[in-house]
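Report on the structure
Chain by chain, the residues run as shown.
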Amino acid sequence: MSDLRELRRLEPWFYRAPSAHNTQPWVLAYAPGRIELHFDPRRHLQAGDPTRRDLLLSLGCFAEAVLIAAAAEGTPLDFFPAVDDDAARAGFFAPRSGTYETQFGPADLERRQTSRLSYAEVRLPDDVVAAAREQLRPGERLHELGARDVVELFTAADRWMYEAPPVVEELRSWLRLSRRDPNYERDGLTYECLALSRLEARAFGLLLRPRVYPLVRALGVHRRFTASARAVLDVDASVLALVGAAHTPEELLLSGRSLLRVWLALSAAGCYTHPLSQIIDCASTERELSERLALGPSRRLLSVFRAGRSDPPPWSHRLVALPGS
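In what follows, the accompanying structure is described. (Residues numbered from 1 in each chain as written. Predicted model: local features only at pLDDT ≥ 70, side-chain atom pairs only at ≥ 80, totals over all residues. Heavy atoms only, no water.)

**Quick word on the packing of aromatic side chains**
- Inspection of the entire model under this criterion finds 7 aromatic pairs.
- Seen in terms of ring centroids, Phe79 and Phe93 are 4.9 Å apart; in terms of plane orientation they differ by 45°. Their pairing is tilted. With Phe79 in strand 3 (residues 77-84) and Phe93 in strand 4 (residues 89-95), this residue pair connects regions lying 14 residues apart in the sequence. Residue Phe79 shares its accessibility class with Phe93, and that shared class is buried.
- An aromatic cluster is built from Phe14, Tyr15, Trp26 and Phe62, whose rings are joined through pairwise contacts.
- Across from the ring centre of Phe92, 3.7 Å away, lies the NZ or CZ of Arg34, which sits over that ring. (Phe/Tyr/Trp six-rings, centres within 6.5 Å; stacked < 30°, edge-to-face > 60°. Helix = DSSP H or I, 4+ residues; strand = E, 2+ residues; numbered from the N terminus. Buried < 20%, exposed > 50% of the residue type's maximum accessible area, 1.4 Å probe, protein only. Lys NZ or Arg CZ within 6 Å of the ring centre and 35° of its normal.)

The structure is reproduced here in structure tokens:
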């Protein structure tokens, strides 16, 4: 392919990449021999993700999705991380000498989903975990934990999240709790994807209203949210933690590419994932989990997520939809 602008038609598969709160922060600028990857600062969760860990990981996931889709077309393409905050740029794609070697294709990008439904109460088989670990770069590690081993951390982190007004305000702006929401079919977290009924979504939205939530928080009603969250992990199941060096923005982008490959490998085995990012976002729970995993100063937690089998979850909406969806 002599003109990279022709790859624009593959955007429905690029946009299947995961992002925190389904914000889809990526922006592509096409030229004949180069594609710039930028991000929209308005789609960065500044309160919930002040270190930009989730932002850069999601951009890395997106970059991997671009390479996978281009490889399926036989287009030799490579990604070069080059973070520029002033230009809101993450890096660029340019031709390479040979097609990117990957075991995944557009069908894998389409199949991967996040599920917040109930999971089967069983640990991941060893061969599934091994296949996921094969997707890592040198220096990265994927730790398997029992779900019950982190249930207290998750509950504490969830409570922290709902007790932080800026984080709750940000979450509120990305919730799509009604089909009448003008952005319902574009982005964000729909009530179906959150495994809420319409009645539950209406009640949740009421409790999070700006004039109501201060009273909810003062009376401790929000603790019912965190109490119900225990059911997610109070089972015999698997939680995976991705660990790496990733001390620079460029390293985080590369680890984001690894993260998508891990999730695609799990999806190929019939598994879904459910990010538990608040465990890392909350400083005290991140520190405790890092100590449990005996991480030294050169390593950091990058992603923590539930993984396993569940009923097929609802599809999350994207700014660019798959053909026929």
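Alright, that's what it looks like, and here's the rest.
**Some points on the sheet that holds strand 1 (residues 26-31)**
- Read from one edge to the other, the open sheet built from 4 strands follows the order 1-2-4-3, with strand pairing classed as antiparallel. Edge positions in the sheet fall to strand 1 and strand 3, since each of these pairs with one other strand and no more. Averaged over all adjacent pairs, the angle separating strand axes in this sheet is 20°, with direction ignored.
- Relative to strand 4, strand 3 runs antiparallel, the two being bridged by 6 bridges. Along strand 4, the bridge assignment pairs Phe79 with Phe93.
- Here helix 2 (residues 53-72) sits on the sheet in contact with strand 1, strand 2 (34-39), strand 3 and strand 4, set at roughly 160° to strand 3. (Pairing = 2+ DSSP bridges. Axes fitted to C-alpha atoms, helices over the stretch in contact; angles between N-to-C directions. Contact = heavy atoms within 4.5 Å.)

**What to know about the environment of Leu208**
- Relative to the helices and strands, Leu208 is located in the loop between helix 7 (198-207) and helix 8 (213-219).
- Take Leu208: its relative accessible area is 1%, and that puts it in the buried class.
- Distance in space between the C-alpha atoms of Leu208 and Val122 is 34 Å, their sequence separation being 86 residues.

**Topic: the pairing of strand 4**
- Among the 7 residues of strand 4, 5 are classified as buried, and the element is accordingly described as predominantly covered.
- By the bridge criterion, 4 bridges tie strand 2 to strand 4 in an arrangement that is antiparallel. The partner of Leu37 across the bridge, within strand 4, is Gly91.
- Taking the residues between adjacent antiparallel strands as the criterion, strand 3 and strand 4 are bridged by 4 residues, where Ala88 takes a positive phi near 50°.

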